[in-house]
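# Structural overview for review
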Amino acid sequence: MVARALSFGVVAEAYERFRPGYPLELLDLVMAYAGGPIRTALEFGAGTGKATRLFAQAGIAVTATEPDAAMLAEMRKHVPANVTTVQAAFEDLPLDSSYELVYSAAALHWTKPEGRWTRMAALVQPGGVFASFGVPIQLADPALKEAVRTARSPYLENDGIPSPDGTPSADRPMEWPGTELQEAEWFTDVRQSVIERRLTMSAHEYIGQLSTVSAYVMLQPADRDQVFRRILQVLPKTVELNAEIHAHLARRHH
């Protein structure tokens with residue numbers, strides 16, 4: 001998982017080009033939960049700054065941290081002046097500052113479970129908000145999804161990330177990381193929300209998006225090229241994607 005977490009630098013430009021951004025509904029959701037103005041925020045695993053820009057446009061002073069130098073360099077091309085960028089993994093962040101909001105967009109699962117919530121509690125101000133967003137992008141057509149699975153299967157059985165707590169989300173109403181937040185003594189008022197979203201893109205753009213997924217990045221180049229050729233053969237010219245956003249929110253105890 002550590003290797004996968006640090007694999008994105010080689011596809012930093014593709015990540016910026018092909019990964020979808022985040023909608024205003026997500027910002028509205030977090031601000032409504034906070035119940036008041038947010039002035040400072042810390043983002044970890046910021047990638048190329050897709051979510052960073054969403055929160056920065058609300059006038060929040062965001063400190064965006066990212067362990068990969070290439071991803072950080074790409075992010076710096078796109079974020080506004082009220083964003084401070086820092087090269088660091090979540091586990092290496094100093095605990096001498098705390099923030100009104102600490103959040104992660106599709107990156108929390110890369111953090112080490114040992115001491116995760118103790119460290120998080122030190123970074124979130126009492127009464128402040130922690131937020132995590134996941135975007136499990138999937139083909140909307142079940143038949144097409146199965147065709148792609150079959151096409152990639154000789155090289156890659158599964159291209160997703162297993163649930164960090166080992167339980168499929170369909171088995172219970174609260175998904176990870178809400179399950180861990182409910183058990184973390186420093187956090188309360190844990191909420192789970194889903195923002196529905198459908199995206200349409202060309203088959204080649206979809207392959208571009210897959211090229212930024214760690215499971216494909218970790219393949220040998222020749223195998224990766226062959227997988228993408230096989231997938232492209234079963235795709236129509238355009239595809240519809242289910243790109244709903246799974247958000248988890250919690251409040252730091254006073």
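First things first, this report covers the structure right here in the doc. From a predicted model like this one, the values you see are computed outputs, not experimental measurements.

Parameters and conventions
- Residues numbered from 1 in each chain as written.
- Predicted model: local features only at pLDDT ≥ 70, side-chain atom pairs only at ≥ 80, totals over all residues.
- Heavy atoms only, no water.
- Pairing = 2+ DSSP bridges.
- Helix = DSSP H or I, 4+ residues; strand = E, 2+ residues; numbered from the N terminus.
- Axes fitted to C-alpha atoms, helices over the stretch in contact; angles between N-to-C directions.
- Contact = heavy atoms within 4.5 Å.
- Buried < 20%, exposed > 50% of the residue type's maximum accessible area, 1.4 Å probe, protein only.
- Salt bridge = Lys/Arg side-chain N within 4 Å of Asp/Glu carboxyl O.
- Core = buried A, V, L, I, M, F, W, Y, C linked by side-chain atoms within 4.5 Å.
- Polar contact = N/O pair within 3.5 Å; in protein donor to acceptor, adjacent residues only side chain to side chain.

### Re the sheet that holds strand β10 (residues 245-252)
In space, the 7 strands of this open sheet follow the order β3-β2-β1-β4-β5-β10-β7, with mixed pairing throughout. The sheet is open, and its two edges are formed by β3 (83-86) and β7 (187-195), each paired on a single side. Here the average twist between neighbouring strands, direction ignored, is 15 degrees. Strands in contact with helix α3 (residues 24-34) are β4 (99-105), β5 (124-134), β7 and β10; relative to β10, the strand with the most contacts, it is inclined by about 20 degrees.

### Some remarks on unusual backbone geometry
Following tryptophan 176, the chain continues into proline 177 via a peptide bond in cis, with omega recorded as 10 degrees. Within the chain, alanine 106 stands out as a residue other than glycine whose phi angle is a positive 55 degrees. If you trace the backbone, alanine 106 turns up in the loop between β4 and α6 (116-123). A relative accessible area of 25% means that alanine 106 is categorised as partly exposed. At aspartate 189, a position not held by glycine, the phi torsion is positive, near 50 degrees. Inspection of the secondary structure puts aspartate 189 in strand β7.

### Comments concerning the pairing of strand β9 (residues 238-242)
Only one face of β9 is buried: it carries Val239 and Leu241, and the other face, with Thr238, Glu240 and Asn242, is open. In terms of strand pairing, strand β6 (residues 138-139) meets β9 through 2 bridges, oriented antiparallel. Within the sheet, the bridge partner assigned to glutamine 138 lies in β9 and is asparagine 242. Both strand β8 (residues 198-202) and β9 contribute to a ladder of 5 bridges, which runs antiparallel. By the bridge assignment for β9, threonine 200 is matched with glutamate 240.

### Quick notes on helix α9 (residues 203-210)
Where burial is concerned, most of α9 is hidden: 6 out of the 8 residues are buried. Inspection of α9 places Ala203, Tyr206, Ile207, Gly208, Gln209 and Leu210 among the buried residues, and these make up the whole buried set. Contact partners of the buried residues in α9: α2 (12-18), β6, β8, α10 (214-217), α11 (221-234) and β9.

### Describing the environment of alanine 215
Looking at the element boundaries, alanine 215 is found in helix α10. With 58 residues separating them along the chain, alanine 215 and glutamate 157 place their C-alpha atoms 9.8 Å apart.

### Here's the deal with the pattern of salt bridges
If you walk through the whole model with that rule in mind, you get 10 salt bridges. Residue lysine 50 is joined to glutamate 16 by a salt bridge in which the shortest nitrogen-to-oxygen separation is 3.9 Å. Of the two residues, lysine 50 sits in helix α4 (residues 50-56) while glutamate 16 sits in helix α2, which places them 34 residues apart along the sequence. Grouping residues by exposure puts lysine 50 and glutamate 16 together as buried. Overlapping salt bridges bring together Glu16, Lys50 and Arg53 as one network.

### Regarding the nonpolar core
Formed by 29 residues in total, the largest nonpolar core has its most connected members in Leu26, Val30, Phe55, Val62, Leu101, Tyr103 and Phe133. Going through the elements one at a time, α3, α4, β2 (61-65), α5 (69-76), β4, β5 and β10 are the ones with two or more residues in this core. When near neighbours in sequence (up to four residues on either side) are disregarded, leucine 26 contacts Leu54, Phe133, Ile195, Ile245 and Ala247. Ranked by size, the runner-up nonpolar core spans 22 residues in total, among them Val213, Ala215, Val227 and Leu235.

### Comments concerning the side chain of lysine 50
On the basis of relative accessibility, which here comes to 16%, the residue lysine 50 falls in the buried class. Polar side-chain contacts of lysine 50 include one of 2.7 Å to the backbone oxygen of glutamate 16. A polar contact is formed between the side chain of lysine 50 and the backbone oxygen of arginine 19, at a distance of 2.7 Å. With near-sequence residues (within four places) excluded, lysine 50 lies in contact with Tyr15, Glu16, Arg19, Pro20, Gly21 and Tyr22.

### Considerations on the sheet that holds β6
Spatial ordering of the open sheet is given by β6-β9-β8, a layout of 3 strands whose pairing is antiparallel. Each edge of the open sheet is held by one strand with a lone partner, namely β6 and β8.

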